[in-house]
Amino acid sequence: MLNPGDILENWVIVGKLGEGGMGEVYRARNRVIDDIEAAIKVSRPTDFKQARARFQREVKSLLRLQHPFVVRVQGFGEDQDRGLLWFAMDLVEGQPLEDVLHQGPMRIPDAVALFAALCDGLAHAHDRGVAHRDLKPANVIVKPGAQGGLGGPVLVDFG
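Quick caveat, the model's predicted, so the values are computed rather than measured. (Residues numbered from 1 in each chain as written. Predicted model: local features only at pLDDT ≥ 70, side-chain atom pairs only at ≥ 80, totals over all residues. Heavy atoms only, no water.)

(A) Local environment of the packing of aromatic side chains. Enumeration according to the criterion identifies one aromatic pair in this entry. When the centroid spacing of 5.5 Å and the interplanar angle of 50° are considered together, the rings of Phe55 and Phe87 count as tilted. Within this pair, whereas Phe55 is found in helix 1 (residues 49-63), its partner Phe87 is found in strand 6 (residues 84-90), the two being separated by 32 residues in sequence. A single burial state applies to Phe55 and to Phe87, both of which are buried. (Phe/Tyr/Trp six-rings, centres within 6.5 Å; stacked < 30°, edge-to-face > 60°. Helix = DSSP H or I, 4+ residues; strand = E, 2+ residues; numbered from the N terminus. Buried < 20%, exposed > 50% of the residue type's maximum accessible area, 1.4 Å probe, protein only.)

(B) Representation of the nonpolar core. Within the largest apolar cluster, 27 residues are counted, with the highest numbers of intra-cluster contacts made by Leu62, Leu65, Phe87, Leu97, Leu155 and Phe158. Contributing elements (two or more residues each) for this core: helix 1, strand 6, helix 2 (97-102), helix 3 (108-127), strand 8 (140-144) and strand 9 (150-155). By residue number, the principal contributor to this core is helix 3, which donates four residues. With sequence-adjacent residues up to four places away left out, Phe158 is seen in contact with Glu58, Leu62, Leu65, Val70, Ala125, Val130, Ala131, His132, Arg133 and Asp134. Formed by 12 residues, the second largest nonpolar core is a distinct cluster that contains Ile13, Tyr26, Ala38 and Val42. (Core = buried A, V, L, I, M, F, W, Y, C linked by side-chain atoms within 4.5 Å. Contact = heavy atoms within 4.5 Å.)

(C) Looking closely at the pattern of salt bridges. If you walk through the whole model with that rule in mind, you get 13 salt bridges. Its salt-bridge partner being Arg29, residue Asp34 comes within 3.8 Å of it at the nearest N-O pair. For Arg29, a relative accessible area of 28% puts it in the partly exposed group. In this structure, Arg72 and Asp90 form a salt bridge, with 3.0 Å as the shortest nitrogen-oxygen distance. Residue Arg72 is located in the loop between helix 1 and strand 5 (73-79), and its partner Asp90 is located in strand 6; the two are separated by 18 residues in the primary sequence. For Arg72, a relative accessible area of 36% translates into the label partly exposed. Asp90 sits in the partly exposed class, given a relative accessible area of 23%. (Salt bridge = Lys/Arg side-chain N within 4 Å of Asp/Glu carboxyl O.)

Next up, the structure:
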């Protein structure tokens, strides 16, 4: 859908991070402040009211959440020329929990800390009436920790 160099408001697309059923996610750099980066989720071009409403619902839900273990929305908009809805969120550096789990067993203290943090993030969302509609290891990014260890998790892609 988008290519490096394409522009969405104040964001310049750097490259593609991934894709899913609703659209694609890109790494982007802010045009005004060059060292600010974001992950931008873009809806697939569609005229279907249901898909549009679902994408808008995800943005509205995420805007209600402010928690260290939940991805934060930085902005949103519509590119009418391309027929795309989009939202910018924090670019979380790390690796999907799915990849971490494939590297072998986690140390018990790391697993407990990770699980507790995920529960804390989910409880925050649930307290605000938001359910993660696609909770799976691929939708949890584990930030790097000190000395090559694991850092905190961040819930992404609420679907």
